[in-house]
Amino acid sequence: MLSKNILDALNNQLNHEFYAAHAYMAMAAYCADKSYDGFANFYIQQAKEERFHGMKIYNYINDRGEKAIFTSLDAPKTEFNSLLETFKDGLAQERDVTRRFYNLSEIAKNENDFATISFLNWFLDEQVEEESMFETHIDYLERIQEDNNALFIYEKELSARHFDESAE
């Protein structure tokens with residue numbers, strides 16, 4: 001069984017993962033509206049990954065004999081000034097998720113819940129990859145700026161992105 005403190009924190013994080021998916025879909029909608037279909041695909045795949053993370057927490061809660069609790073989601077930001085802004089917002093969101101997993105890990109450590117500590121380590125490793133990926137995309141977008149040819153090639157590359165949960 002999970003302590004109430006850990007269960008509450010896990011349920012909070014589960015809902016935050018679904019909120020992150022919601023926010024990435026809003027970014028995808030912005031990109032699609034601007035005819036950046038490759039970038040829209042990037043964010044759609046990112047949303048799938050966040051929902052996968054939410055389900056991973058959901059399954060863990062169930063596996064520990066507890067009940068996952070879903071709450072309402074706030075409306076995400078829907079207006080952006082540029083593609084670059086979407087990636088900067090995505091990086092800020094990923095950094096917030098990392099901070100949340102650090103806090104969750106601290107709670108599990110303080111309660112000597114070694115199974116939860118082990119479970120959370122996967123997410124901590126994943127967050128290193130997520131933050132690095134967003135930092136790289138920001139670097140690329142800042143480098144190419146208004147070079148339409150480079151942006152076209154970059155967009156084609158992102159249109160091929162596909163989230164495969166079996167690889168996770």
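Residues numbered from 1 in each chain as written. Predicted model: local features only at pLDDT ≥ 70, side-chain atom pairs only at ≥ 80, totals over all residues. Heavy atoms only, no water.

Quick word on the overall build of the protein
Then, number 1: Regarding its fold elements, the protein presents 5 helices and 0 strands.
Then, number 2: Written out in order from the N terminus, the α and β elements of the protein read α-α-α-α-α.
Then, number 3: Over its C-alpha trace the protein gives a radius of gyration of 17 Å, about what one expects of a compact globule, namely 15 Å for 168 residues.
Then, number 4: Its C-alpha atoms put the protein at 55 × 30 × 25 Å along the principal axes.
Then, number 5: The 168 residues of the protein split such that 46% are buried.
Then, number 6: Counting only contacts in the protein whose residues sit at least 6 apart along the sequence, the fraction spanning at least 24 positions is 82%. (Helix = DSSP H or I, 4+ residues; strand = E, 2+ residues; numbered from the N terminus. Rg over C-alpha atoms; globule rule 2.2 N^0.38 Å. Buried < 20%, exposed > 50% of the residue type's maximum accessible area, 1.4 Å probe, protein only. Contact = heavy atoms within 4.5 Å.)

Concerning the UniProt feature "binding site: Fe cation" (unreviewed entry) in the protein
Then, number 1: UniProt tags Glu-17, Glu-50, His-53, Glu-94 and Gln-127 as "binding site: Fe cation" (unreviewed entry). For the residues just named, distributed over 111 residues, the greatest C-alpha separation is only 12.6 Å, placing them together at one site.
Then, number 2: Examined against the element boundaries, Glu-50 turns out to sit in helix H2 (residues 37-63).
Then, number 3: Leave out the neighbours within four places in its chain, and Glu-50 touches Glu-17, Ala-20, Ala-21, Tyr-24, Glu-94 and Glu-130.
Then, number 4: Residue classification places His-53 among the buried residues on the basis of a relative accessible area of 0%.
Then, number 5: Residue contacts for His-53: discarding those within four places in its chain leaves Glu-17, Trp-122, Phe-123 and Glu-126. (UniProt positions renumbered as here; feature names shortened; annotations may be inferred.)

Things to note about the pattern of salt bridges
Then, number 1: What the rule picks out here adds up to 10 salt bridges.
Then, number 2: Ionic pairing is found between Asp-89 and Lys-77, a salt bridge with its closest N-O pair at 2.7 Å. Of this pair, Asp-89 sits in helix H3 (residues 83-110) while Lys-77 sits in the loop between H2 and H3, placing them 12 residues apart in sequence.
Then, number 3: For Asp-89, a relative accessible area of 23% gives the class partly exposed.
Then, number 4: One connected set of salt bridges, linked through shared partners, spans Lys-77, Glu-85 and Asp-89. (Salt bridge = Lys/Arg side-chain N within 4 Å of Asp/Glu carboxyl O.)

Concerning the nonpolar core
Then, number 1: Grouped together as the largest cluster of nonpolar side chains are 22 residues, with contacts concentrated most on Cys-31, Phe-39, Tyr-43, Phe-87, Phe-134 and Leu-141.
Then, number 2: Among the secondary structure elements, those contributing two or more residues to this core are helix H1 (4-33), H2, H3, helix H4 (114-144) and helix H5 (148-159).
Then, number 3: No other element matches H1, which puts 6 residues into this core.
Then, number 4: Residues within four places of Phe-39 in sequence aside, it is in contact with Cys-31, Leu-83, Phe-87, Leu-141, Leu-151, Tyr-154, Glu-155 and Leu-158.
Then, number 5: Core analysis: the second largest hydrophobic core is formed by 19 residues, Leu-2, Leu-7, Tyr-60 and Leu-104 among them. (Core = buried A, V, L, I, M, F, W, Y, C linked by side-chain atoms within 4.5 Å.)

Things to note about the side chain of Asn-15
Then, number 1: With respect to the element layout, Asn-15 can be found in helix H1.
Then, number 2: Classification of Asn-15 by relative accessible area gives buried; the value is 7%.
Then, number 3: Engagement of the side chain of Asn-15 in a polar contact is seen with the backbone oxygen of Asn-11, the distance being 2.8 Å.
Then, number 4: Those residues in contact with Asn-15 that sit more than four places away from it in its chain are Ile-69, Phe-70, Thr-71 and Leu-73. (Polar contact = N/O pair within 3.5 Å; in protein donor to acceptor, adjacent residues only side chain to side chain.)

Some thoughts on the UniProt feature "domain: Ferritin-like diiron" (unreviewed entry) in the protein
Then, number 1: Those residues carrying the UniProt feature "domain: Ferritin-like diiron" (unreviewed entry) are residues 1-145 in this numbering.
Then, number 2: What you have in residues 1-145 is 80% helix and 0% strand, and the ends, taken at the C-alpha atoms, are 52 Å apart.

Structural notes on H4
Then, number 1: Given a rise of 1.5 Å per residue, 31 residues ought to cover 45 Å, and the 46 Å separating the end C-alpha atoms of H4 matches this to within 8%.
Then, number 2: Phi for Gln-145, located one or two positions after H4, is positive at around 45°. (Expected span 1.5 Å × (residues − 1).)

Considering the environment of Asn-148
Then, number 1: Structurally, the position occupied by Asn-148 is in helix H5.
Then, number 2: What makes Asn-148 exposed here is its relative accessible area of 57%.

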